[in-house]
Amino acid sequence: MEKTVQLYEGKAKKVFATTDPAYYIVDYKDDATAFNGLKKGTIQGKGEINNRVTNHLMGLLEKNGVPTHLVRELSPRETLVKKVAIVPLEVIVRNIAAGSLAKRLGLEEGTKLGRTVLEFCYKNDELGDPMVNDYHILAMGWATEAELKLISDYSLKINQVLSDYLAEAGIELIDFKLEFGKTDDGTIVLADEISPDTCRFWDIKTHEKLDKDRFRRDLGGVEDAYKEILRRLLGE
């Protein structure tokens, strides 16, 4: 199976069609963006780390009953995935107040939430990915009631599986973004990525940030933080 035409290029990845219409190839980039693309830069080695960490974590989720688009890793930077139609929603899963939630609700960053919070955003760069609720989603037909429940259930299960697993590596899962897609037969599967780009990872003891916040906030040590996640999860 080989790449054919490029179908899409986003902030962090390129997606290619293949000689089999049921599969795509995802190619991870070193480009970094923040604040809906207003801040741009490069994080050396990010593409390879995000690809490998994503595949590692998606493999773990598959073993725990969460279907994903993952087929197999082709190279350090490329992965073969099932062709899916992305549901136009981002699901934000929050365990600890940080980032926009802390600012919006006037909470001190690091405040533990009374329960896990799910937030939904409409995937639209031009509109700045606005937050929406169940009523908007159903009114606009972005997902059915059954699909929305399944996406919510999967998101909470993913949170539990990843939180437990990461804690063993000394990492606290603060919050993270998920995207889901539908296969040709309508099955909902986890898509996109799970990486230091899309998750807030803090050291469980020191609360040191090991994710893209180091780039967003000009904290320095960005490449080292990404490498540390790779070392803790894959032993490299």
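You'll find the structure just up there.
Because the structure is predicted, anything quoted here is derived from the model rather than measured.

**What to know about the sheet that holds strand β1 (residues 3-9)**
Right, so step 1: The five strands are arranged β1-β2-β3-β7-β6 in an open sheet whose pairing can be described as antiparallel. Looking at which strands have only one partner, the edges of the open sheet turn out to be β1 and β6 (70-73). Strand-to-strand twist across the sheet, computed as the mean angle between neighbouring axes with direction ignored, equals 30°.
Right, so step 2: Sheet topology places β6 next to strand β7 (residues 78-82); three bridges connect them, and they run antiparallel. By the bridge assignment, Arg72 is partnered in β7 with Leu80.
Right, so step 3: In the packing of helix α1 (residues 46-63) onto the sheet, contacts are made with β3 (23-28), β6 and β7, and the angle to β6 comes to roughly 130°.

**Looking at the pairing of strand β14 (residues 199-203)**
Right, so step 1: Counted residue by residue, β14 has five buried out of five residues, so it is predominantly covered.
Right, so step 2: Burial along β14 is two-sided: the face carrying Cys199, Phe201 and Asp203 and the face carrying Arg200 and Trp202 are both buried.
Right, so step 3: Where strand β12 (residues 171-182) meets β14, five bridges bridge the pair, whose relative direction is antiparallel. If you follow Asp175 over to β14, its bridge partner there is Arg200.

**Thoughts on the pairing of strand β10 (residues 112-122)**
Right, so step 1: The sheet contact formed by strand β9 (residues 89-96) and β10 spans seven bridges and is antiparallel. Bridging from a neighbouring strand, Leu89 pairs with Tyr122 of β10.

**Topic: the nonpolar core**
Right, so step 1: Counting 47 residues, the largest nonpolar core has Ile158, Leu162, Leu178, Phe180 and Ile194 as its most contacted members.
Right, so step 2: With near-sequence residues (within four places) excluded, Leu178 lies in contact with Leu89, Glu90, Val91, Val93, Ser155, Ile158, Leu190 and Ile194.
Right, so step 3: If you look at the next biggest cluster of nonpolar residues, it comprises five residues, including Tyr24, Val26, Tyr28 and Val81.

**Some remarks on unusual backbone geometry**
Right, so step 1: Despite not being glycine, Asp129 shows a phi value in the positive range, around 50°.
Right, so step 2: Considering the arrangement of structural elements, one finds Asp129 in the loop between β10 and β11 (131-132).
Right, so step 3: With a phi angle near 60°, Asp192 is a residue other than glycine that sits in the positive phi range.
Right, so step 4: With respect to the helices and strands, the residue Asp192 is situated in the loop between β13 (188-191) and β14.
Right, so step 5: Given a relative accessible area of 15%, Asp192 falls into the buried group.

**Regarding the side chain of Asn55**
Right, so step 1: For Asn55, the location among the structural elements is in helix α1.
Right, so step 2: Taking the relative accessible area as the measure of exposure, Asn55 reaches 10% and is therefore buried.
Right, so step 3: Here Glu73 takes part through its side chain, which lies 2.9 Å from a polar atom of the side chain of Asn55.
Right, so step 4: Apart from the residues lying within four places of it in its own chain, the contact partners of Asn55 are Leu70, Glu73 and Thr79.

**Some words on the pattern of salt bridges**
Right, so step 1: With the rule as written, the count across this model stands at 28 salt bridges.
Right, so step 2: Across the pair Arg52 and Glu236 runs a salt bridge, and its minimum N-O distance is 2.6 Å. A residue pair is termed long-range when its members are at least 10 positions apart, and Arg52 in helix α1 and Glu236 in the segment after α6 (222-234) qualify at 184 residues.
Right, so step 3: One continuous salt-bridge network, built from bridges that share partners, spans Arg94, Arg104, Glu109, Glu119, Asp175, Arg200, Lys209, Asp213, Arg216 and Arg217.

Thresholds applied
- Residues numbered from 1 in each chain as written.
- Predicted model: local features only at pLDDT ≥ 70, side-chain atom pairs only at ≥ 80, totals over all residues.
- Heavy atoms only, no water.
- Pairing = 2+ DSSP bridges.
- Helix = DSSP H or I, 4+ residues; strand = E, 2+ residues; numbered from the N terminus.
- Axes fitted to C-alpha atoms, helices over the stretch in contact; angles between N-to-C directions.
- Contact = heavy atoms within 4.5 Å.
- Buried < 20%, exposed > 50% of the residue type's maximum accessible area, 1.4 Å probe, protein only.
- Core = buried A, V, L, I, M, F, W, Y, C linked by side-chain atoms within 4.5 Å.
- Polar contact = N/O pair within 3.5 Å; in protein donor to acceptor, adjacent residues only side chain to side chain.
- Salt bridge = Lys/Arg side-chain N within 4 Å of Asp/Glu carboxyl O.

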